[in-house]
Amino acid sequence: DALPIFYKPDLSSEYPVVDGKLSIECYFSALDQCYSVYRKKINEQQKRDEISKPFTLSEFQHMIFHTPFCKLVQKSLARLMLNDFLSDSSANTESGIYQGLEAFRGMKLEDTYSNKELEKALLKASQGVFNEKTKPSLLLSTQNGNMYTPSVYGCLASVLAQYSAQQLAGSRIGAFSYGSGLASSMFSLRVSQDTAPDRKST
């Protein structure tokens, strides 16, 4: 069912009314659910291919998001890392990307949406991954603000504008699309290995 997280009941006002806290929680909840379904599908596919390693964020060379504002995107990338962390009971918290997250092991996702200590630790732990996989996608959003419907594709355009075909060849780009009312999806794009320009025969 659609949720009234972004609506305009007062026609005398030029601006819509937003329940900011509820809106962000809905966005994170949708992200969690979409990532869970996506990982399940990929893991089933890898199992058929006799690949035993579970899918994690590390397998995306780039990760792009619906972008109401850039800080939410940084928190969303961190949230995907949290999903991976909570799914791996043996995750190393002494060093590596999960360093500093030991205190949050075993938490339920639904209990994490307003945990400021966790948010701070996640943003710190995920900074390098964010800079590598997601920050380049925010080029247009940083300059233009919220593009609403096309924002995830603006992020894709930002990635394509900053990397050559050779750099992107074979990469997997994850995408999270979201709309007011909680409509959401996660999918990925695989860039072709063939980077040669098309040449039409004359």
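In this report, the structure presented in the accompanying data block is examined.

Calculation criteria
Residues numbered from 1 in each chain as written. Predicted model: local features only at pLDDT ≥ 70, side-chain atom pairs only at ≥ 80, totals over all residues. Heavy atoms only, no water. Pairing = 2+ DSSP bridges. Helix = DSSP H or I, 4+ residues; strand = E, 2+ residues; numbered from the N terminus. Axes fitted to C-alpha atoms, helices over the stretch in contact; angles between N-to-C directions. Core = buried A, V, L, I, M, F, W, Y, C linked by side-chain atoms within 4.5 Å. Buried < 20%, exposed > 50% of the residue type's maximum accessible area, 1.4 Å probe, protein only. Contact = heavy atoms within 4.5 Å. Parallel < 35°, antiparallel > 145°, perpendicular 65-115°, else oblique. Salt bridge = Lys/Arg side-chain N within 4 Å of Asp/Glu carboxyl O. Expected span 1.5 Å × (residues − 1).

## Points about the sheet that holds strand S4 (residues 172-179)
Two strands in a sheet stick together by hydrogen bonds in their backbones, pointing the same way (parallel) or opposite ways (antiparallel).
Phase 1 of the analysis: Taken together, the three strands give an open sheet; going across it, the order is S3-S4-S5, and neighbouring strands pair in mixed fashion. Each edge of the sheet is formed by a strand with only one pairing partner; in this case those strands are strand S3 (62-65) and strand S5 (183-190). Ignoring which end each strand starts from, the neighbouring axes of this sheet average 15 degrees apart.
Phase 2 of the analysis: Across four bridges, the pairing between S3 and S4 is parallel. Considered in S4, the bridge of Phe65 is made with Phe176.

## Describing the nonpolar core
General note: in soluble globular proteins, nonpolar side chains tend to be found buried as a group.
Phase 1 of the analysis: By size, the foremost hydrophobic cluster in this structure holds 45 residues, and its most contacted members are Leu57, Met63, Phe65, Phe176 and Met186.
Phase 2 of the analysis: Looking at this core, the elements with two or more residues in it are helix H1 (20-48), S3, helix H2 (70-87), helix H3 (116-133), helix H5 (151-162) and S4.
Phase 3 of the analysis: Here the element with the most residues in this core is H1; it accounts for nine residues.
Phase 4 of the analysis: When neighbours within four sequence positions are excluded, Phe176 is seen to be in contact with Tyr27, Ala30, Leu31, Cys34, Met63, Ile64, Phe65, His66, Val152, Ser184, Ser185 and Met186.

## Side note on the packing of H2 against H3
Phase 1 of the analysis: Running from amino to carboxyl end, H2 crosses H3 at an angle of 90 degrees, the nearest separation of the two axes being 8 Å. Taken as axis vectors, H2 and H3 run roughly perpendicular relative to one another. Between H2 and H3, the contacting residues are Lys71, Gln74, Lys75, Leu77, Ala78, Met81 and Leu82 on the first element and Leu118, Glu119, Leu122, Leu123, Ala125, Ser126, Gln127, Val129 and Phe130 on the second.

## Observations regarding unusual backbone geometry
Phase 1 of the analysis: A positive phi is found at Glu50, a non-glycine position, where the angle reads about 60 degrees.
Phase 2 of the analysis: Here Glu50 lies in the loop between H1 and S3.
Phase 3 of the analysis: Owing to a relative accessible area of 74%, Glu50 belongs among the exposed residues under this scheme.
Phase 4 of the analysis: Although it is not a glycine, Tyr148 adopts a positive phi angle of roughly 60 degrees.
Phase 5 of the analysis: Structurally, Tyr148 can be placed in the loop between helix H4 (139-144) and H5.
Phase 6 of the analysis: Judged by its relative accessible area of 48%, Tyr148 is partly exposed.

## Considering the pattern of salt bridges
Phase 1 of the analysis: Tallied over the entire structure, the rule returns seven salt bridges.
Phase 2 of the analysis: Residue Arg39 is joined to Asp84 by a salt bridge in which the shortest nitrogen-to-oxygen separation is 3.2 Å. Of this pair, Arg39 sits in helix H1 while Asp84 sits in helix H2, placing them 45 residues apart in sequence.
Phase 3 of the analysis: A salt bridge links Lys75 to Glu119; its shortest N-O distance comes to 3.4 Å. Residue Lys75 is located in helix H2, and its partner Glu119 is located in helix H3; the two are separated by 44 residues in the primary sequence.

## A look at H2
Note that an α-helix has 3.6 residues per turn; residues three or four places apart therefore point the same way.
Phase 1 of the analysis: Across its 18 residues, H2 extends 26 Å between first and last C-alpha, which sits within 8% of the 26 Å expected from 1.5 Å per residue.
Phase 2 of the analysis: Of all 18 residues in H2, 13 are buried; the element is thus mostly enclosed.

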